[in-house]
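Secondary and tertiary structure notes
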Amino acid sequence: MYDDMDYPEPGRVERRAVGGGESARAGRLWWDGAADAYQAEHGDFLRDAGFVWSPEGVDEADVRLLGEVAGKRVLEIGCGAGQCGRWLRSQGVSEVVGFDLARRQLQHSRRLDEQTGHRLPAVQADAQRMPFATGSFDVVFSSFGAFPFVPAAETALAEAGRVLRPGGRFVFSVTHPIRWCFPDDPTKNGLTVKESYFDRRAYVEEDDAGRAVYVEHHHTVGDWLRGIVAAGLVFQDMVEPEWPEGNDQVWGGWGPVRGRMIPGTAIFSAVKPA
Ligand SMILES: C[S@@+](CC[C@H](N)C(=O)[O-])C[C@H]1O[C@@H](n2cnc3c(N)ncnc32)[C@H](O)[C@@H]1O
């Protein structure tokens, strides 16, 4: 199943504006190319049927940010291999559906379907335009799926709000916006401010022809909150997990050295008025 254990070669780094179409194309290409290496590297930490919100290891089994899920219809945005959805199946949800931009990530979801015997309905789609009816889910969530990769936070948030039924809950985790100021380095070298927090230009890696092959977007705390409110949702909480004792893993720019001093993750919770 793992054809290629290496991540795609990094491209030439630029900071520039990138629109929705170019971001989606780059995201699809990159995550298709990275899926094997990503699942091989992080699969044990994620667990085949486990629900972690972040590299800090915030576990839904402990924090219950989604509230009571038994009997509910749940949507996961940017589900990757669907580990979270499979854990929710063990919690008595009536249905959980996942979607992801990258076909290769969904093939890993199918692999876990076969390994665990729990089939998770999953489709290929873009969070900027969700192929689901308005008000069709009781709970919508995303664990680092899609939201760090969309240029217009308000567009994806509006879509999440649209597919949620009145009274439903929406929770999503993203890179903590403060991290944008620092080099993506898990050591002490990553503790010196190098970039402006206010610079919304995307981080882009380009191929030799100038095409984006990896894109990440920055939205400030205020941008996320305004997007939540504009989506017709009521903001409830922003969790900023501290790095816990006993977690020694380094995941990209996340790790114990910086994690004990600055937040690496933000988890936003909101509800749709009944
Ligand atoms: C960091 S992974 C997180 C996946 C999963 N929640 C996990 O913890 O492994 C980000 C996922 O978001 C997906 N993604 C990126 N942009 C997306 C978009 N615009 N719409 C849907 N999924 C997207 C990627 O393909 C990738 O599977």
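Here, every reference points to the structure presented above.
One structure accompanies this document, and this report is about it. Here the structure is a predicted model, which means the values were calculated and not measured.

Note that Arg179 resides in the loop between strand S6 (164-175) and strand S7 (202-206). This buried residue, Arg179, is left without a salt bridge; Glu56 holds the nearest opposite charge, at 5.5 Å. When sequence neighbours within four positions are dropped, the list of residues in contact with Arg179 reads Gly253, Trp254, Arg258, Gly259, Ile262, Pro263 and Gly264.

Turning our eyes to something else, we now look at the site of the ligand. Surrounding the ligand, one finds 20 residues, the nearest of these being Tyr38, Asp100, Gln105, Ala127 and Ser143. Residue Gln105 places a side-chain N or O atom 2.9 Å away from an oxygen atom belonging to the ligand. One of the backbone N or O atoms of Ala146 is found 3.3 Å from an oxygen atom in the ligand. Relative to its unbound accessible surface of 590 Å², the ligand loses 95% to contact with the protein.

Quick look at the packing of helix H5 (residues 153-163) against helix H6 (residues 221-230) now. It is at 8 Å that the axes of H5 and H6 come closest, and there the two elements cross at 40°. In terms of axis orientation, H5 runs oblique to H6. Classified by chirality, the crossing of H6 by H5 is right-handed. Residues Ala153, Glu154 and Leu157 of H5 touch H6, and the partners they reach there are Trp224, Gly227 and Ile228. Looking at the contact of H5 with H6 residue by residue, the classes come out as four nonpolar, one polar and one charged.

On to the environment of Val234. Checked against the element boundaries, Val234 lands in strand S9 (residues 234-239). Taking the C-alpha atoms as reference points, Val234 and Arg169, 65 residues apart in sequence, are found 9.5 Å from one another. Apart from residues no more than four positions distant in its own chain, Val234 is found in contact with Ser269, Ala270, Val271 and Pro273.

Let us look at the pattern of salt bridges. Within the structure shown, the criterion is met by 16 salt bridges. A salt bridge links Glu22 to Arg16, with the nearest nitrogen and oxygen atoms 2.9 Å apart. Here the salt bridges do not stand alone but share partners, grouping Arg12, Arg16, Glu22 and Glu206 into one network.

With 14 residues, helix H4 (residues 103-116) extends 20 Å between its outermost C-alpha atoms, agreeing within 8% with the 20 Å of an ideal straight helix rising 1.5 Å per residue. Every buried residue of H4 is listed here: Arg104, Gln105, Leu106, His108, Ser109, Arg111, Leu112 and Asp113. On its buried face, H4 sits against helix H1 (20-46), helix H3 (83-89), strand S3 (95-100) and strand S4 (122-124).

This part takes up H1. Because each turn of an α-helix spans 3.6 residues, side chains separated by three or four positions end up pointing in the same direction. Over its 27 residues, H1 runs only 29 Å from end to end, short of the ideal 39 Å by more than 12%, given 1.5 Å per residue. Ala34 marks the point of greatest bend in H1, at about 50°. Directly beyond the C-terminal end of H1, a positive phi value near 65° is found at Arg47.

Conventions adopted
In every chain, residue numbers begin from 1 and rise along the written sequence. Thresholds applied to this predicted model are a pLDDT of at least 70 for local features of residues and 80 or more for the giving and counting of side-chain atom pairs; totals over whole chains, interfaces and linings are not thresholded and use all residues. Side-chain numbers here rest on the full set of heavy atoms in the structure, without hydrogens or water. Counting from the N terminus, the helices are DSSP H or I runs at least four residues long and the strands are E runs at least two residues long. A 1.4 Å probe rolled over the protein chains alone gives each residue an accessible area, and that area as a share of the maximum for its type sets the label: buried under 20%, exposed over 50%, partly exposed in between. Charge counting follows a simple rule: Lys and Arg are positive, Asp and Glu are negative, and His as well as the terminal groups are ignored. Throughout this description, the term salt bridge denotes a Lys or Arg side-chain nitrogen within 4 Å of a carboxyl oxygen of Asp or Glu. Residue contacts follow a heavy-atom distance rule, with two residues in contact if any of their heavy atoms lie within 4.5 Å. One heavy atom within 4 Å of a molecule or strand is enough for the residue carrying it to be called near that molecule or strand. Definition of a polar contact: a pair of N or O atoms within 3.5 Å, with one able to donate and the other able to accept a hydrogen when the atoms are protein atoms, and with sequence-neighbouring residues admitted only if both atoms are side-chain atoms. Note on areas: these come from Shrake-Rupley sampling with a 1.4 Å probe, and a residue is covered only by the protein chains present in the view. Think of each axis as a best-fit line through the C-alpha atoms, taken over the contacting stretch in the case of a helix, with angles from 0 to 180 degrees between the N-to-C directions. Oblique is the label for any angle not covered by the other classes, which are roughly parallel (under 35 degrees), roughly antiparallel (over 145) and roughly perpendicular (65 to 115). The handedness criterion is simple: a crossing whose near helix is rotated anticlockwise from the far helix by less than a right angle is left-handed, and one whose near helix is rotated clockwise is right-handed. Each residue is assigned to one class: nonpolar for Ala, Val, Leu, Ile, Met, Phe, Trp, Tyr, Cys and Pro, charged for Asp, Glu, Lys and Arg, and polar for all the others, Gly among them. By definition here, a helix of n residues has an expected span of 1.5 Å times n minus one. Bend is computed residue by residue as the angle between axes fitted to the seven residues ending at the residue and the seven residues starting at it.

The analysis is restricted to geometry; functional conclusions fall outside its scope.
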